[in-house]
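As a plain string of letters, each chain reads:
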Amino acid sequence: MKIANINGRANLLIDEQALDIALASSGQFGPSLQSIYDNFDAFAAAASGFPKEGLESFSLSQLGSPAPEPRQVFAIGLNYHGHAAEAGMAVPTVPAAFTKFPSSLGGPFEPVPRMGETLDWEVEIVAVISRRAHRVAEVDAWDYVAGLAVGQDYSERTMQFAAGSQFSLGKSYPGFGPVGPWLTTLDEIADRDNLRLECWIDDDKVQDAPSTDMVFSIPSLIAKLSAVTPLWPGDLIFTGTPAGVGITAQPPRFLQVGEVVRSTIGDLGSIHNTVIAPD
Ligand code: ZN
């Protein structure tokens, strides 16, 4: 399945058209996206039986984040060997977890404001949790994932490093966490353990790596995070970025107003964000 946020309502995408889940289920599921994750197993079992006569066309500009109201947002630093190497940092032995505050989340095609001189890009796989996960074994962890989406962990590097190793503020301006274009459930992903992440600035490809370069796989992250804190339905995990960010380029490169950042991951689709001047 592909689950999309269209004007704030949960929709199933079928043959490039949208089915409003609340209408198709006579109010049993939806309309909020969060309500889908709060009851995900029942929703997934029922979805194939929804009547299809309500299919409607939609435009990409209507899409919001497929998981817009998480209780928690986890993000992982230095989770690709190539990125740790370019940063000159040791490969972590435990996940370097921080948060992006939920107010940073946005739709897949929203603009990103240039809040400082050092705005940087990080294409990432975002995992959405489907049921409460506490002390989950790695071997069972995929059972707690509703699906995956494309995300960008935009980072204002000066703010990020201004408070030592407390990254969260510098990654949490509004617009710094676009996710989408929709949630792709695991059954529609050919190889969930090997996805190709690509990122372009205008026509210049800056990131291109397989997720097999991860230090901690998605199941390993769920096991290690849930060993400490329960994960809740609709929670997001930004699972880290591969090599090719701006701060480690020679010379360093940062985003400029008018540039378009396009991020594509394997079977998950593509998002893009135009860099704008702040209000
Ligand atoms: Zn990141």
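All values derive from a computational prediction rather than experimental measurement.

1. Focus on the overall build of the protein
Logical step 1: Each helix and strand counted, the protein has six helices and 18 strands in total.
Logical step 2: For 279 residues, the compact-globule formula gives about 19 Å, and the C-alpha radius of gyration of the protein, at 18 Å, lands near that figure.
Logical step 3: Along the first, second and third principal axes, the C-alpha atoms of the protein reach 55 × 40 × 30 Å.
Logical step 4: Per-residue burial for the protein yields a buried fraction of 55% across its 279 residues.
Logical step 5: For the protein, the exposed area adds up to about 11500 Å²; of that, 53% sits on carbon and sulfur atoms.

2. Remarks on the domain arrangement of the protein
Logical step 1: Its domain assignment divides the protein into domain 1 (2–58) and domain 2 (73–276).
Logical step 2: Each of domain 1 and domain 2 has a C-alpha centre, and the two are 26 Å apart.
Logical step 3: Facing nine residues of domain 1, the contacting portion of domain 2 comprises 12 residues.
Logical step 4: Summing both sides of the interface, domain 1 and domain 2 together bury roughly 950 Å²; the carbon and sulfur share of this comes to 58%.
Logical step 5: At the boundary of domain 1 and domain 2, one finds two salt bridges.
Logical step 6: The tally of links between domain 1 and domain 2 comes to four residue pairs in polar contact (both at pLDDT 80 or more).
Logical step 7: Mapped onto the side of domain 1 that touches domain 2, the elements with two or more residues apiece are strand S1 (2–6), helix H2 (33–38) and helix H3 (40–47).
Logical step 8: Classifying every residue of the side of domain 1 that touches domain 2 gives five nonpolar, one polar and three charged.

3. A short note on helix H6 (residues 218–226)
Logical step 1: Of all the nine residues making up H6, eight are buried; the element is thus mostly covered by neighbouring parts of the structure.
Logical step 2: What H6 keeps buried is the set Ile 218, Pro 219, Ser 220, Leu 221, Ile 222, Ala 223, Leu 225 and Ser 226.
Logical step 3: The inward-facing, buried residues of H6 contact strand S5 (73–77), strand S6 (96–98), strand S10 (123–129), strand S11 (145–152) and strand S16 (236–238).

4. Observations regarding the coordination of the zinc ion
Logical step 1: In the first shell of the zinc ion, the protein supplies Glu 122 (OE), Glu 124 (OE) and Asp 153 (OD), at 1.9 to 2.1 Å from the metal.
Logical step 2: Written as a sequence motif, the donor residues of the zinc ion are E-x1-E-x28-D. Of the two residues, Glu 122 is situated in the loop between strand S9 (119–120) and S10 and Asp 153 in the loop between S11 and strand S12 (155–156); the sequence distance between them amounts to 31 residues.
Logical step 3: Residue Asp 153 is classed as buried on the basis of its relative accessible area, which comes to 1%.

5. A word on the sheet that holds strand S15 (residues 204–210)
The strands making up a sheet associate through hydrogen bonds between their backbones, and the pairing can be parallel or antiparallel.
Logical step 1: One open sheet accounts for five strands, arranged S8-S18-S17-S14-S15; its pairing is mixed. Where the open sheet ends on each side, the last strands, each with one partner, are strand S8 (112–113) and S15.
Logical step 2: Note: strand S17 (residues 260–265) against strand S18 (residues 269–276), six bridges, orientation antiparallel. Across the sheet, Arg 262 pairs through a bridge with His 272, a residue of S18.

Reading the values: the criteria
- Residues numbered from 1 in each chain as written.
- Predicted model: local features only at pLDDT ≥ 70, side-chain atom pairs only at ≥ 80, totals over all residues.
- Heavy atoms only, no water.
- Helix = DSSP H or I, 4+ residues; strand = E, 2+ residues; numbered from the N terminus.
- Rg over C-alpha atoms; globule rule 2.2 N^0.38 Å.
- Buried < 20%, exposed > 50% of the residue type's maximum accessible area, 1.4 Å probe, protein only.
- Areas by Shrake-Rupley, 256 points an atom, 1.4 Å probe, with all protein chains shown as cover.
- Domains from an automatic or database assignment.
- Contact = heavy atoms within 4.5 Å.
- Buried area = accessible area lost by both parts, 1.4 Å probe.
- Salt bridge = Lys/Arg side-chain N within 4 Å of Asp/Glu carboxyl O.
- Polar contact = N/O pair within 3.5 Å; in protein donor to acceptor, adjacent residues only side chain to side chain.
- Nonpolar A, V, L, I, M, F, W, Y, C, P; charged D, E, K, R; others polar.
- Donors = N, O, S within 2.8 Å, 3.2 Å for Na, K, Ca; no water.
- Pairing = 2+ DSSP bridges.

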